[in-house]
Amino acid sequence: MKNLNVGLIGGGFMGKAHSLAYSAMPMFFWPAPAIPVRHTIAEANDQLAAEAARRFGFENSTSDWRRIVEDPRIDVVDIATPNHLHAEIAIAAAQAGKHIICEKPLARTGEESKAMYDAVKDAGIVHMVAFNYRRTPAIALAKKYIEEGAIGRILNFRGTYLQDWSADPNSPLSWRFQKSIAGSGALGDIATHVIDIARYLVGEFNSVNSILSTWIPDRPIQSGGADALGNVRGGDDVPRGEVDVDDEVMTMVRFANGAVGSIEATRNGWGRNNFITFEIHGTEGSIVFNYERRDELQVCFAGDADDRRGFRTIYTGPAHPYGDGLWPIPALGVGYGETKIIEAHDFFQAIAEGTSVSPNFADGYQTALIDDAIVASAEKDAWVDVPRVAELAD
Ligand SMILES: NC(=O)c1ccc[n+]([C@@H]2O[C@H](COP(=O)([O-])OP(=O)(O)OC[C@H]3O[C@@H](n4cnc5c(N)ncnc54)[C@H](O)[C@@H]3O)[C@@H](O)[C@H]2O)c1
């Protein structure tokens, strides 16, 4: 069992989630495919970097991410910065021969994502994009049922990601509301998770017809720093700056396999927190999931007798995907942290075995092409075809 040195870039929300995953992965999955060593963490300045190293258990810290990429002792580069830095860091890391895990969205646009995809293909390293929600056991269980044919041919996918942390007009203008940093708003930030789940469960997108809306055109300016996700509010006396990304996205989808669907995402839906839901109808049954009750999967099988057909609730546990490594009793509680621990496991397993892992940069690039098509569709007010990454052709 090898040790693999990790260089983590960005010590905010995702820096915390990934650090937790590196420390906990061998505790959950034993024998571990490899032991992640928290070697070096990079932050925006020396003080933040030193603080992050102490807090997240890293041996070294730096305010220059290039020192991580250039360090021959580092095996894995983990990109957990705001989106505008993903491409530059990933391309440099690929050229240096590092294995890479990059937070979603892969980049701000399809064009940037393509450059990253080309770089990792040329480098022949293991690459992963951190769409961790598909590693929620109940979602992986939905995938298993679909692959077994338990709900027949899929007809319809209805997905949502609804939150309320930016519904207050005084929630600050963090990097997530600036196109130059984030690329897009609710689309790249949260709709991409549902797009990834839809691709995972149903398949590739052929075309989209979309609406993008910006409900709050300006917000109190936040000067740098991590995004507090609405937990800090600017007062009426704080100067306001323009929001140039979407607050809400709605899209219809035509899938390549003939299924149809809809995806909605907003960060302005009062009362919704992490409301990732999907309802899938197939010719032989239905599946319903809600992340706010993520230990549960609701299924209805058409083959059940007429007098008992209806939704039943499965509580995920040892009998279900990833169950061996998680907790020994169903419904004990699987959280966000566990999805990141599973993600780290699958990434390190691919490195140890010299295989590829999914979702990888091809998937991140394909999702960026879908995002671009959604933007073009909203601008044209028309259906727009989604180009396909050649590697993902039918
Ligand atoms: N997979 C998920 O569920 C999920 C959830 C949240 C965020 N994300 C993604 O993770 C990424 C980071 O988001 P976050 O919520 O952690 O943001 P955040 O604002 O909490 O943290 C970003 C951190 O990066 C640091 N940073 C900025 N410039 C830097 C530089 N040059 N070098 C090193 N560090 C630098 C900031 O100081 C900050 O601490 C984004 O791409 C976001 O879309 C994914």
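Residues numbered from 1 in each chain as written. Predicted model: local features only at pLDDT ≥ 70, side-chain atom pairs only at ≥ 80, totals over all residues.

## Considering the overall build of the protein
For step 1, the next point in the chain: A tally of regular secondary structure across the protein gives ten helices and 17 strands.
For step 2, the next point in the chain: Along the three orthogonal principal directions, the C-alpha set of the protein runs to about 65 × 55 × 40 Å.
For step 3, the next point in the chain: With 394 residues in all, the protein has 50% of them scored as buried.
For step 4, the next point in the chain: The contacts in the protein between residues at least 6 apart in sequence include a share of 72% that link residues at least 24 apart. (Helix = DSSP H or I, 4+ residues; strand = E, 2+ residues; numbered from the N terminus. Buried ≥ 20, exposed ≤ 12 C-beta atoms within 10 Å, placed from the backbone. Contact = placed C-beta atoms within 7 Å.)

## Re the site of the ligand
For step 1, the next point in the chain: Near the ligand you find 23 residues, and of these G10, G12, F13, M14 and E103 are the closest.
For step 2, the next point in the chain: Split into classes, the residues belonging to the shell around the ligand amount to twelve nonpolar, six polar and five charged.
For step 3, the next point in the chain: Composition of the shell around the ligand by domain shows at least three residues from each of domain 1 (3–133) and domain 2 (134–336 + 367–379). (Near = placed C-beta within 6 Å. Nonpolar A, V, L, I, M, F, W, Y, C, P; charged D, E, K, R; others polar. Domains from an automatic or database assignment.)

## Let's talk about the sheet that holds strand β13 (residues 275–282)
For step 1, the next point in the chain: Judged by pairing direction, the sheet is mixed, and its nine strands sit side by side in the order β16-β15-β14-β13-β7-β12-β11-β8-β17 without closing on themselves. Strands at the two margins of the open sheet, each flanked by one partner only, are β16 (312–315) and β17 (384–385).
For step 2, the next point in the chain: Two elements, strand β15 (residues 296–301) and β16, share four bridges in a ladder whose sense is antiparallel. Within the sheet, the bridge partner assigned to V299 lies in β16 and is R312.
For step 3, the next point in the chain: Relative to strand β8 (residues 205–213), helix α10 (residues 361–380) is tilted by about 55°, and along the sheet it contacts β8, β11 (248–255) and β17. (Pairing = 2+ DSSP bridges. Axes fitted to C-alpha atoms, helices over the stretch in contact; angles between N-to-C directions.)

## Examining the sheet that holds strand β5 (residues 99–102)
For step 1, the next point in the chain: The strand order across the open sheet built from six strands is β3-β2-β1-β4-β5-β6, with neighbouring strands paired in parallel fashion. Edge positions in the open sheet fall to β3 (60–62) and β6 (127–129), since each of these has one partner strand only. Strand-to-strand twist across the sheet, computed as the mean angle between neighbouring axes with direction ignored, equals 20°.
For step 2, the next point in the chain: In terms of strand pairing, strand β1 (residues 3–9) meets strand β2 (residues 35–42) through seven bridges, oriented parallel. Looking at β2, one finds that N5 is bridged to V37.
For step 3, the next point in the chain: Along the sheet, helix α1 (residues 13–28) contacts β1, β2 and β4 (76–79); its crossing angle with β2, the most-contacted strand, is approximately 155°.

## Regarding the pairing of strand β12 (residues 260–266)
For step 1, the next point in the chain: Two elements, strand β7 (residues 154–162) and β12, share seven bridges in a ladder whose sense is parallel. When the sheet's bridge partners are listed, R158 is paired in β12 with S262.
For step 2, the next point in the chain: Following β11, the chain reverses through four residues before pairing antiparallel with β12; G258 in that reversal takes a positive phi of roughly 100°.

## Description of the nonpolar core
For step 1, the next point in the chain: Counting residues in hydrophobic clusters, the biggest one holds 104 residues, and the most contacted among them are A90, M116 and A191.
For step 2, the next point in the chain: Inspection of this core shows a minimum of three residues originating in each of domain 1 (3–133) and domain 2 (134–336 + 367–379).
For step 3, the next point in the chain: The residues touching A90, leaving out its near neighbours within four places in the chain, are I79, I100, C102, M116 and A119.
For step 4, the next point in the chain: Of all hydrophobic cores here, the second largest spans five residues; its members include F177, A182, V243 and V245. (Core = buried A, V, L, I, M, F, W, Y, C linked by C-beta atoms within 7 Å.)

## Points about helix α5 (residues 110–123)
For step 1, the next point in the chain: With 14 residues, α5 extends 20 Å from end C-alpha to end C-alpha; this agrees with the ideal 20 Å at 1.5 Å per step.
For step 2, the next point in the chain: Of the positions making up α5, those classed as buried are G110, E112, S113, M116, Y117, A119 and V120.
For step 3, the next point in the chain: Contacts made by the buried residues of α5 are with α4 (86–95), β5, β6 and α10.
For step 4, the next point in the chain: The positive-phi residue at the C-terminal boundary of α5 is G124, with phi of around 65°. (Expected span 1.5 Å × (residues − 1).)

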